[in-house]
Amino acid sequence: MKTLLIHVRKRLLTGYGLLFFAFLYAPILLIVAYSFNSNPINMMVWHDVTLDWYRAIFGLPHQLGDSELYADSTDQLLAAVRTSLTVALTTTLFSTLVGTLTALAVARYRFRLQGFYRFLLFMPMVMPDIVLGIALLIFFISVGMPLGTGSIIIGHCTFLISYVFIVVSARLAGLDTRLEEASADLGAGPWTTFRRITLPLIAPGVIGGAMLAFIISMDDLVITYFISGVDSTTLPVFIYGLIRRGIKPEINAIATLLILASLAIAAIGLYLRNKQHSATPATPDKTDPAND
Amino acid sequence: MSTTQLSSTLETGAAPKARSRRPRWSLIALLGPVTAFLGVFFFMPLAIMAVFSLLEPGLYGGVVWNFYADNFGRILGWANGPIEEFDPVYLSILMRSLRIALITAALCLLVCYPVAFWVSRLPPRRRNFCLFLITLPFFASLIVRLYAWVLILRPSGALNGLLAWLGISDAPVGLIYTEAAVLIGLVYIMAPFMFLPLYASIEKLDRGLIEASYDLGAGRITTFRRVTLPLTLPGIIGGSILVFIPTLGNFIVPSLLGGAQVLMIGNLIEQQFLQARNWPFGAALAMLVMSVVLGLLTLYVRATLRRQATDVPGKEAQA
């Protein structure tokens, strides 16, 4: 009787767990399914499989989509994708560079302001998006800097430097400092030691931080919403605007493509991280890698 | 970001090894960029915002450079000038935001706790796969995931379709633009923030202690209340804070799923900047959100440090 009860309980817990995964994934799968439904009036009723919504968003010939509406929209969509990519790539480069330099300084030097610098880099991560967004808006307007791609890049860097810093710091904390000492003892200068020993060892952390920065930058909505100019909309802000204006089947197609792209990047990143973790089990990871 | 980092970022203050060999100028070169960048583009904007919150709003947007404390008074509903009366509308929005953020944290906890338990008991391979599956949607576009809930909850949406198909209800349930819809959306996007710290503390849980509790005659409920719950408390608190902070200032979820019915403080701030053009009042509201968040974090970090200070000897004795 008791074992039966335990068995039932275990089953219930498994059922609950599976329900949780349904909760996480059903909404996403729903959009993907809708994006292929040819019913233009009611997405809920399945008509037929079609690729017309995808054709419509790229301005290709199609029957179902509202062609007049989307002739204009296609250009805007492509412009938004371009802005998003420009912003994400620039931001990733800059924040990875600055974040890594800072992590190296804090991990490998002893100086009085160490605690202060940890605090400094901790602040942007915990600052609510909306606060940072409007603070930046007030700042850019006050100093007379035009809102556009440049302001978005600056805005993203303010918090992404911190993310890179955390990931690279975690990697540095797990490294054996004796390797660097040995290199110095063998006569290598600081620069050679850095280039030949430290950099290859922290490379996985740097790459991980860069991927995280790229994903977050591509996805940021709130801060970008406040500091993007009229003609520099990023993809999330563009989609937010579309949804606010009304729900159309074309949005499903855009959403599906975006999900596929971000999931692909995230899956590669997580896979690489897991592989790395199993490859270097010896590193005593006191601090979690930050990308969770 | 997980709780362990949240606290470890601050507390691992002492440098591991002194490097007398390294020259001072290279330290300055390494720290120069971040100091300049965050100084100009992070701290200066926050300082300007703080100043703005104490200035008088101009008649047609912009500010008048006069000291003006009424922005904060207005949040509390104090009448300003002869034409206004006491009106706690902003106070009620603030209270609603706090309530929604609290309920969201509680719901996330209820949803995630059993799942975290379940995942921690799975065999390693399947456990890693489950963790991967839980982390993955977190990287999928936020706006797209919320859009999915707009599709599900609107009157002609998937939920009503499902209910009609099951024969439960033919009359459409108007769930969108209610507080329930906002809560569903918030729980959906915040669940991973709760899950990961929870999982971290549940996984560390020593099962021997639970068995010992059973052996000593405690029932399931007593064991949970006296052993499991206190031991997983760090994860519960850490997760709740990680959910509470972004929820409090969130304005995307209420604007998509709450409409004009369920305004939160984030929506109010957005309105002050993009519609009402009352920047000082918006800045005052943002200062309020920031103070609540920073206050909470300070309490949390302090409590964590104190716990670790008292905990460490005990842990070593255990191992």
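Residues numbered from 1 in each chain as written. Chains lettered and ligands numbered in written order. Predicted model: local features only at pLDDT ≥ 70, side-chain atom pairs only at ≥ 80, totals over all residues.

(A) Main features of the overall build of chain B. Scanning chain B from N- to C-terminus turns up 13 helices and 2 strands. A burial count over chain B gives 41% of its 319 residues as buried. Across chain B, contacts joining residues at least 24 apart in sequence account for 66% of those joining residues at least 6 apart. (Helix = DSSP H or I, 4+ residues; strand = E, 2+ residues; numbered from the N terminus. Buried ≥ 20, exposed ≤ 12 C-beta atoms within 10 Å, placed from the backbone. Contact = placed C-beta atoms within 7 Å.)

(B) Here's a closer look at the overall build of chain A. Counting secondary structure elements, chain A contains 11 helices and 0 strands. Mapped from its N terminus to its C terminus, chain A presents α and β elements in the order α-α-α-α-α-α-α-α-α-α-α. The buried share of chain A, taken over its 292 residues, is 46%. Taking contacts inside chain A between residues at least 6 apart in sequence as the whole, the part at least 24 apart equals 73%.

(C) Molecular detail of unusual backbone geometry. Even without being a glycine, Y177 of chain B presents a positive backbone phi close to 65°. Position of Y177 of chain B relative to the elements: it lies in the loop between α7 (158-165) and α8 (179-204).

(D) Structural detail: the nonpolar core. Formed by 165 residues in total, the largest nonpolar core has its most connected members in I134 of chain A together with C112, M194, F195, L285, A286 and V289 of chain B. Top contributing element to this core by residue count: α8 of chain B, with 17 residues. With residues near it in sequence (within four places) discarded, V289 of chain B still touches P128, I130 and V131 of chain A together with L248, G249 and I265 of chain B. (Core = buried A, V, L, I, M, F, W, Y, C linked by C-beta atoms within 7 Å.)

(E) The packing of α8 of chain B against helix α10 (residues 220-248) of chain B, seen in detail. All names here are of chain B. It is at 8 Å that the axes of α8 and α10 come closest, and there the two elements cross at 155°. What the angle tells us is that α8 and α10 run roughly antiparallel. α10 is crossed by α8, and the crossing has right-handed handedness. Residues L186, M190, F193, M194, P197, L198, A200, S201 and I202 of α8 lie in contact with α10, whose contacting residues are T232, P234, G235, I236, G238, G239, L242, V243, P246 and T247. Across the contact of α8 with α10, the residue classes tally to 13 nonpolar, 6 polar and no charged. (Axes fitted to C-alpha atoms, helices over the stretch in contact; angles between N-to-C directions. Parallel < 35°, antiparallel > 145°, perpendicular 65-115°, else oblique. Left-handed = near helix turned anticlockwise from the far one by under 90°. Nonpolar A, V, L, I, M, F, W, Y, C, P; charged D, E, K, R; others polar.)

(F) Inspection of the interface of chain A and chain B at higher detail. Taken together, the contact pairs 76 residues of chain A with 77 residues of chain B. Broken down by element, the side of chain A that touches chain B gets its largest block of residues, 12 residues, from helix α1 (residues 2-34) of chain A. Of the residues belonging to the side of chain A that touches chain B, the class tally is 57 nonpolar, 12 polar and 7 charged.

(G) Expanded view of helix α4 (residues 114-126) of chain A. The end-to-end C-alpha distance of α4 of chain A is 19 Å, a good match for the 18 Å that 13 residues give at a rise of 1.5 Å each. All of the buried residues in α4 of chain A are R118, L120, L121, F122, P124 and V126 of chain A. (Expected span 1.5 Å × (residues − 1).)

(H) Region of interest: the confidence of the model for chain B. All names here are of chain B. Here chain B shows a mean pLDDT of 83. Residues at 70 or above account for 86%. Between residues 1-20, whose pLDDT stays under 50, and residues either more than four places distant or in other chains, the model counts 42 contacts. Below a pLDDT of 50 lies the segment residues 313-319, which in the model reaches 0 contacts outside its immediate sequence neighbourhood of four places, other chains included. In the model output, the complex is listed with pTM 0.86 alongside ipTM 0.85. (pLDDT = per-residue confidence, 0-100.)

(I) How the structure looks around the environment of L121 of chain A. Residues and elements named next belong to chain A. Residue position: L121 is located in helix α4. Judged by the 25 C-beta atoms lying within 10 Å of it, L121 falls in the buried class. As a C-alpha pair, L121 and A267 span 146 residues in sequence and 27 Å in three-dimensional space. If we ignore the near neighbours within four places in the chain, the residues touching L121 are T102, S162 and F165.

(J) View of the packing of helix α6 (residues 149-173) of chain A against helix α8 (residues 190-219) of chain A. All names here are of chain A. Their axes nearest at 8 Å, the elements α6 and α8 cross at an angle of 155°. In terms of orientation, α6 lies roughly antiparallel with respect to α8. Both α6 and α8 take part in a crossing whose hand is right-handed. In contact with H156, L160, Y163, V164, V167, V168, A170, R171 and L172 of α6, α8 contributes I202, P204, G205, V206, G208, G209, A210, L212, A213, I216 and S217. Residue composition of the contact of α6 with α8, grouped by class: 14 nonpolar, 5 polar and 1 charged.

(K) Examining the environment of R171 of chain A more closely. Residue and element names in this part refer to chain A. Among the secondary structure elements, R171 is positioned in helix α6. Given 27 C-beta atoms within 10 Å, R171 falls into the buried group. Between the alpha carbons of R171 and G99 there is a distance of 13 Å; along the sequence they are 72 residues apart. When residues no more than four places from it in sequence are discounted, the contact partners of R171 are I202, P204 and G205.

(L) View of the confidence of the model for chain A. The predicted model of chain A averages 83 in pLDDT, with 89% of residues at 70 or higher. Across chain A, the secondary-structure element scoring lowest on mean pLDDT is helix α11 (residues 249-279) of chain A, at 79, and the one scoring highest is helix α5 (residues 129-142) of chain A, at 94.

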